[in-house]
Amino acid sequence: MKRTAVLTILCVLLLQGVSSAQRVKGSDTLLPLTQELAEQYLEKHPESEIIVTGGGSGVGIAALPENTTDIAMASRRIKFGEKMKFAEIGLDAREVIVAYDALAVVVNPSNPVDSLTREQLEAIFRGKITNWKEVGGEDWKIVVYSRETSSGTYEFFKESVLDNKNYMSSILSMPATGAIIQSVKQTKGAIGYIGLAYLNRFVKPLSVSYDGGRHYAEPSVRTAADGSYPIVRPLYYYYDAEKESIVSPFVSYVLSDEGQASVLEQGFVPVREETSDTSGKLTSVR
Amino acid sequence: MKRFLEKAVKWILTGSGFVTSAVILLIIGFLFTEGAGLFGEPVVEEGYVLALNDDNPVRTMTAAEIKAVFDEDITNWKELGGPDLQIMTFRLEDADEYFSEEELGSRYEHAGAAIASLVKSHPGMVAFVPESLIPENPGLNFIEDKNISPGEVLGGKEWFPTATPAPLFGILPLLAGTLWVSLFAILFALPFGISIAVYMSEVASERVRGFLKPVIELLNGIPSVVYGFFGLIVIVPMLQQVFGLPVGESGLAGSIVLAIMALPTIVTVAEDAMRNCPRTLREASLALGATKWQTIYKVVIPSSMSGIASGVVLGIGRAVGETMAVLMVTGNAAVIPASILEPLRTIPATIAAELGEAPAGGAHYQSLFLLGVILFFITFFINLCVEFISSRNRAKNR
């Protein structure tokens, strides 16, 4: 036990001695974007060092109190349980939204239905509505496609659209977004969800209403940024407030116009589209 | 010197044999211990409890009932043998809605007490909270937590490992899906495989054979994800049109892809076996006046039966264990299929799709190992069948 402790301390000292590299860890959704941003940042600041690794949002957030990362990337908000863990050890974590990711609900282009409410979507994905004529379409069976359980998109859609309830068990789960597009393209009664960046002409995006059908919004970078399109998830960076001086150059580069331009390039919604109210600002977790 | 070398080689061979066997036994042991661990896990997620109001007499709920309650499919305690009361559910994530920051305390030191008093003031509430959060003597009732029973797993009809608070681990849909797809795959592959093998070994000229054999063996080298993609963009839409299905991702699509994938194995092994049929047997048959066809199906095929059988089993083995191709074309719906034209989910596809996210050591992780154990038994059983067939055949040939 004692030896392990000594070894750990030695390792930590060694690591700190080698360099002041910033470690960024977490969500696989944010991984390609952060890598791209880090590369650009390093071109301008060749003296610094940034190490970006994936593993999932949960892994990143768990690494923060253990001090094995400086910035945790997360494609979801920190959970209550995780916040409590931070509070226990007195870690004051800062949260910053670096980009938004919108999910589009898509159907086959031959489907006449072009808008649904959240309640209707919930009923469809939970197997309570099984025919398109119940939501004003043709007399077709609804074929529901979902991502596999390991996907963060699956979790977010469950949280946002299904109100934390479970999907029906007979849902068709596809291993990748590409497979969902392919299936929706060739199946008449299909419905599925994909990231905004993946939208193409083979599938038709639906307008979605979260207020019982009063306002419908079509998914696009603009509607996602101005808040009218509801199925949008913020993508977060979390870091220890004490380390603010170390991480803030990189974080502010991400939030700069230049950083946000590559956010848009990578198919995400920038936080600084004309109307940004709370986004982009630093907020304390609690 | 020579003797020493011979001894050394002998020792190396023995040693590697022992090491290999030991490693295989270790892997099997690991698989079984991890898999059996599932039955030591509680029904409700580990470390969490379901807290009820003191006046609520309900004490037991099955995993399926807990899921139905939190999905708002069961909305009244009456349906669970309790009083006529609306069910209210509370998850830890809802804490922000009920309490302000001050009420929870700056370090959430009051969170437990706040939740306890909330449950106390709502007679119909059921709260899903961490055990560590609940204060001592809270004046609450808890749903009795039992371990996951083998009956629920082996006889369960619902596979829902990510359901909170109570995941469901019924393996019947997965088992049925695997057997169903493999059965049809082998039904398609067997006639084609055997006839190609007969053609290549008995009928085809040397030149045709020299061309055909490498081509068929080439099929073995194609990565399975390529087969899967081919199935998704060619076979799935084709089936959809031919059978007029609402959804093309089906067991049939999976079994056709698997049949194509199993063909090279069956053909190669069966053809080799037939070509190795002793010349004397053929000549004796022809000398007795049998025609070429009579010789093939009365002499060549029976005498190479064990080779054909092992080819078939290797093919089945590939079909049962195949992951990626099946994952892409069967739709992966965890329901017990009523016909081969419906979407279904197989055991290997489930393990591949879910192991990445399952937290190591948790119930979900262990249930995937249990699926591995079941897959192990299926292949073990198939191997026993082959042993039986070939040993019977050997006895007959003697």
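Thresholds applied
- Residues numbered from 1 in each chain as written.
- Chains lettered and ligands numbered in written order.
- Predicted model: local features only at pLDDT ≥ 70, side-chain atom pairs only at ≥ 80, totals over all residues.
- Helix = DSSP H or I, 4+ residues; strand = E, 2+ residues; numbered from the N terminus.
- Rg over C-alpha atoms; globule rule 2.2 N^0.38 Å.
- Buried ≥ 20, exposed ≤ 12 C-beta atoms within 10 Å, placed from the backbone.
- Contact = placed C-beta atoms within 7 Å.
- Nonpolar A, V, L, I, M, F, W, Y, C, P; charged D, E, K, R; others polar.
- Core = buried A, V, L, I, M, F, W, Y, C linked by C-beta atoms within 7 Å.
- Domains from an automatic or database assignment.
- Axes fitted to C-alpha atoms, helices over the stretch in contact; angles between N-to-C directions.
- Parallel < 35°, antiparallel > 145°, perpendicular 65-115°, else oblique.
- Left-handed = near helix turned anticlockwise from the far one by under 90°.

Draft legend 1. Representation of the overall build of chain B in the model. Scanning chain B from terminus to terminus reveals 16 helices and six strands. The C-alpha radius of gyration computed for chain B amounts to 29 Å, which surpasses the reference 21 Å derived for 398 residues by more than 25%, pointing to a less compact arrangement than a globule. Counting only C-alpha atoms, chain B reaches 95 × 70 × 35 Å along its principal axes. The proportion of buried residues among the 398 residues of chain B is 38%.

Draft legend 2. Focus on the interface of chain A and chain B. On the side of chain B, 36 residues touch chain A, which itself brings 28 residues to the contact. Elements represented by at least two residues in the side of chain A that touches chain B include exactly α4 (80-88), β7 (172-174) and α7 (177-186) of chain A. Ranked by residues supplied to the side of chain A that touches chain B, first place goes to α4 of chain A with five residues. Residue composition of the side of chain A that touches chain B, grouped by class: nine nonpolar, 13 polar and six charged.

Draft legend 3. Layout of the environment of E265 of chain A. Residue and element names in this part refer to chain A. The topology assignment puts E265 in helix α10 (residues 257-265). We classify E265 as exposed; it has 12 C-beta atoms within 10 Å. With 68 residues separating them in the primary sequence, E265 and A197 have C-alpha atoms 9.5 Å apart.

Draft legend 4. Molecular detail of the nonpolar core. With 179 residues, the main nonpolar core has Y238 of chain A together with V257 and L258 of chain B as its most contacted residues. Ranked by residue count, the leading element in this core is helix α10 (residues 251-275) of chain B, at 16 residues. Taken domain by domain, this core gets at least three of its residues from each of domain 1 (48-146) and domain 2 (172-397) of chain B. What V257 of chain B contacts, discounting residues up to four positions off in sequence, is Y227, G228, G231, I235, A325 and V329 of chain B.

Draft legend 5. Structural context of the packing of α7 of chain A against helix α9 (residues 224-243) of chain B. Where α7 of chain A meets α9 of chain B, the axes come as close as 11 Å, and the angle between the chain directions of the two elements is 30°. The angle between α7 of chain A and α9 of chain B falls in the class roughly parallel. Judged by the twist between their axes, the crossing of α7 of chain A over α9 of chain B is right-handed. Side by side, α7 of chain A and α9 of chain B meet where A179, Q182 and Q186 of chain A of the first sit next to L232, I233, V236, P237 and Q240 of chain B of the second. Grouping the constituent residues of the contact of α7 of chain A with α9 of chain B by class yields five nonpolar, three polar and no charged.

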